[in-house]
Number of protein chains: 2
Amino acid sequence: MSKKSDVDCFFSPKGVAIVGASQTPGKIGHEIVRNIKLSGFTGGVFPVNPNAETVLDLKCYRNISDVQAEVDLAVIAVPAGLVEGAVRDCVKKGVKGAIIITSGFSEVGDKGLEEKVVSLARPGLRIIGPNTFGVFYAGSRLNATFGPGKVLRGKTAFITQSGALGLALMDWTTEEKYGVSAIVSIGNKADVDDADLVEFFSRDPSTSSILIYMEGLRDGRKFFEASRRAVRKKPIVVIKAGRSARGAQAASSHTGSIAGQDAIFTAAFEQAGIMRAEGMTQAFDWIQALNENPAPKGENIVIVTNGGGLGVLATDRCELLGLKPAELSNDLKQEIQAITPSFGSVKNPVDLTANADDALYGKVLDLVLRRSDIDGVIALFCQTANIDPTLVAQAMLDARTRDALEKPIVAAFVGGHLSQVAYSRMLEKKFAVYPTAERAVDAMYALMARHRQLEHFKAGGGAA
Amino acid sequence: MSKKSDVDCFFSPKGVAIVGASQTPGKIGHEIVRNIKLSGFTGGVFPVNPNAETVLDLKCYRNISDVQAEVDLAVIAVPAGLVEGAVRDCVKKGVKGAIIITSGFSEVGDKGLEEKVVSLARPGLRIIGPNTFGVFYAGSRLNATFGPGKVLRGKTAFITQSGALGLALMDWTTEEKYGVSAIVSIGNKADVDDADLVEFFSRDPSTSSILIYMEGLRDGRKFFEASRRAVRKKPIVVIKAGRSARGAQAASSHTGSIAGQDAIFTAAFEQAGIMRAEGMTQAFDWIQALNENPAPKGENIVIVTNGGGLGVLATDRCELLGLKPAELSNDLKQEIQAITPSFGSVKNPVDLTANADDALYGKVLDLVLRRSDIDGVIALFCQTANIDPTLVAQAMLDARTRDALEKPIVAAFVGGHLSQVAYSRMLEKKFAVYPTAERAVDAMYALMARHRQLEHFKAGGGAA
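In this text the structure is predicted, and so the values were computed from the model without any measurement.

Check the secondary structure of chain A and you find 16 helices and 20 strands. Its C-alpha atoms give chain A a radius of gyration of 25 Å, near enough to 23 Å, the size a compact globule of 464 residues would have. In terms of principal-axis extent, the alpha carbons of chain A reach across some 80 × 45 × 40 Å. For chain A, the proportion of its 464 residues judged to be buried stands at 59%. The long-range share in chain A, meaning contacts at least 24 apart out of those at least 6 apart in sequence, stands at 75%.

For the rest of this paragraph, the subject is the interface of chain A and chain B. Each side of the interface is counted separately: chain A has 63 residues, and chain B has 63 residues. Counting only elements with at least two residues in the side of chain A that touches chain B, the list comes to α5 (163-175), α8 (245-255), α10 (280-292), α11 (308-320) and α15 (417-428) of chain A. Here the residues of the side of chain A that touches chain B sort into 24 nonpolar, 28 polar and 11 charged.

For the pair chain A and chain B, the superposition axis carries a translation of 0.0 Å, the fit reaches an RMSD of 0.0 Å, and the rotation angle comes to 180 degrees. Overall, the copies show the geometry of a two-fold rotation axis. Taking the C-alpha atom as reference, chain A places Thr 281 of chain A closest to the rotation axis, 5.7 Å from it. A shared binding surface is used by both copies, with 100% of the interface residues of chain A retained as interface residues in chain B.

Attention now moves to unusual backbone geometry. That bond from Gly 129 of chain A to Pro 130 of chain A is cis: its omega, -5 degrees, falls within 30 degrees of zero. Following the sequence through the fold, Pro 130 of chain A ends up in the loop between β7 (126-128) and β8 (134-137). Geometrically, the link from Asn 348 of chain B to Pro 349 of chain B is a cis peptide bond, its omega value of 10 degrees lying close to zero. Relative to the assigned elements, Pro 349 of chain B resides in the loop between α12 (330-339) and β17 (350-351). The residue Asp 57 of chain B is not glycine, and still its phi comes out positive at about 65 degrees. Along the polypeptide, Asp 57 of chain B turns up in the loop between β3 (54-55) and β4 (58-59). One non-glycine residue with positive phi stands out, namely Lys 177 of chain B, at about 65 degrees. Judged by the 16 C-beta atoms lying within 10 Å of it, Lys 177 of chain B falls in the partly exposed class.

Residues and elements named next belong to chain B. One can describe the packing of helix α6 (residues 194-202) onto helix α7 (residues 220-230) by two numbers: an axis separation of 8 Å at closest approach and a directional angle of 10 degrees. As judged from the angle between their axes, α6 and α7 are roughly parallel. Where α6 crosses over α7, the handedness of that crossing is left-handed. Together, Asp 194, Ala 195, Val 198, Glu 199 and Ser 202 of α6 and Lys 222, Phe 223, Ala 226, Ser 227, Arg 229 and Ala 230 of α7 make up the contact between the two elements. Of the residues contributing to the contact of α6 with α7, the split by class is five nonpolar, two polar and four charged.

Cut-offs applied
Residues numbered from 1 in each chain as written. Chains lettered and ligands numbered in written order. Predicted model: local features only at pLDDT ≥ 70, side-chain atom pairs only at ≥ 80, totals over all residues. Helix = DSSP H or I, 4+ residues; strand = E, 2+ residues; numbered from the N terminus. Rg over C-alpha atoms; globule rule 2.2 N^0.38 Å. Buried ≥ 20, exposed ≤ 12 C-beta atoms within 10 Å, placed from the backbone. Contact = placed C-beta atoms within 7 Å. Nonpolar A, V, L, I, M, F, W, Y, C, P; charged D, E, K, R; others polar. Least-squares fit on C-alpha atoms with pLDDT ≥ 70 in both. Axes fitted to C-alpha atoms, helices over the stretch in contact; angles between N-to-C directions. Parallel < 35°, antiparallel > 145°, perpendicular 65-115°, else oblique. Left-handed = near helix turned anticlockwise from the far one by under 90°.

Structure (structure tokens):
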């Protein structure tokens, strides 16, 4: 297992050298310097390029050894043939971590060169990559990537084995207002692997959850052991690609990973307490719910809706996923009935009917959130002719605030433009909100899975 | 079975009376008059209310019998106690169809009143409802609903048993740029039912596909027979809610429907050739693909991507859904290789790597769309640092135009703001585009299902 200090240097370095810094906008060696410079990173930034005096107004060094200050992280973006020399220079300088951006190693079949580079680096220098787009870490405002310059800070550490997909999602998490605490493009995993990162992020105070896009694993045992420990502190969600025979083949020509028998992965994920998502949508839906909510303390879920159909769809999905809409107690039914002038259904789903306004939503949410026999709430809203969805959104936000986040609550808004506005505002306020009832139920499923896991731990059980 | 003329009056009436028209904005009887007036409907519009001279500057009548012109459609929005009289008046006037907006019938347990109203109406007057929000039909620009005034015209007829959900989706289809050819809030189905509407829409030239949100059926045999005939002309997608025991219970208190054994529905849908979607997202994803594409002529699908990870995820999903990414022929591989300077993979998925620009996308799409050994294309794009997604979107649109829509093509764009812009433009241009690779594959699955169905018909098979 990696020592504590091993990978810290990648996230909170005192000084960063960019080996292969470039003066030409658009070049990778330029974009990385620009992102580090603009991201608000307060440590030293040292471009290295024998043919430049400055890069982006920063003094440029001929060689990393010419930097007088401490350099604990190097980002290497030179052609493949020059990587070996760059790594030697890093070792000489006493650098602790190198992110090798350069591609052209094991992913194109050149395993020899990759192994040589790693052996040169050991034991003092840890390597992320090669074949990566870099590392973003919100905690130190370090954007050592050639990806988007603007990344929204959030609560999830995202580890990706796919570069292009990772870059696209880096942009996407900002656009969707999810944000990330960190993004690591893990590349060929020649040295630092998922296990090292899971261990680091499990003790990183700025990270609440860990999301991994994985095609293959080199050291399964190490990963699953690290994950078993980590899930006691925070949830881990994995998108494991290459599950089908053809997908595994595609993964093999993509990152050179051996995807392995999918059934074995499924069993191992389950045993380690890792939540395996079916795809990107589900993974991010789960993560959003887990980040913004406490796990429920029991199994009793209530669905509140203004549209019967939405309530039926949500109930179907609950049953499919093994969630149990609670039987409402008589006194709760009476409490609800007392505040609802015209009333649809006091069964669960609670159907407030299409006349329900923000005030009624607020009152009913207060009622159910305060009940000790209700453990979580799925609040659904269908846009109707005369109720403003943005007011209903505000009512949900206020109810959550009054509840002081004691209980999990997820929402869905279905409708036109005003519903989208409501949806966006709730996302901004870090409320787990979805565009369909089914996805809101999926989100509650993730929270319930976390509840069951925590109960299992309390009872003295292992990871799963 | 209903005669041809039976339900036509609901969609292309010569004159519409609104019984219970109101001068008060916000009231249902006001909103319906406003929507009909503003929607561009060119037939006669006759508000009926004994206590008003005019409604929205339209002359108001004391009774429908006072209208001198022909009235073939009445929208009834009076209190439940007055519906009976209104229906008698409609029969006397010779109205052919009545949409009964009023609620308070079988859905609250009053089956007797509902049956009485229907028996009064028969045989000359057909009834939609009661307990409905009305009918929208783009073909005659008739918006006889109290829902949104602005509805985008599209290719799908949407029949909904849930009022609130239907209203929300009415707004949503406009916001998402899908549009609809018609929306029918079918309500309690006291008379006109899904079967009548499926039959009508199957011969409606402005409708390419039929989407149904269904909780229960009164006359299953009639519906499945009508559907078996209709699917020979256009695809039918159903969201059948109340599939779980609890969901069925919720459906029962919502619309009074008996949801029935779900396994029986599943089998019957399959036999009738109806595509059953898991939920709203899948249903609309399918419909969008079916509306904007021809069915493939064979089973050979190619995935084109600039991100390996996205390709792997798509391949996994293909295998899960029984789609077969084609083995590319050697000459196709050579053709692709010849035009791609730096190349990722000539296997399927074709990985153009992160450097792929719009020109390369255009060329490769041309190549695969022209091949007789390729039947459909899934085009994926990950936003990268230096390629503008909107240009890639344009390249996909242009390739489709050059192909003259001979082959189905679906796309996914994953990324930040510019990807969302690209995505919106493609939606506007009626290109089946999705925010994840998995959903694009789901869309191709729907097209392949349609292909298999059409092959089955060609071979002389029955509906399924």
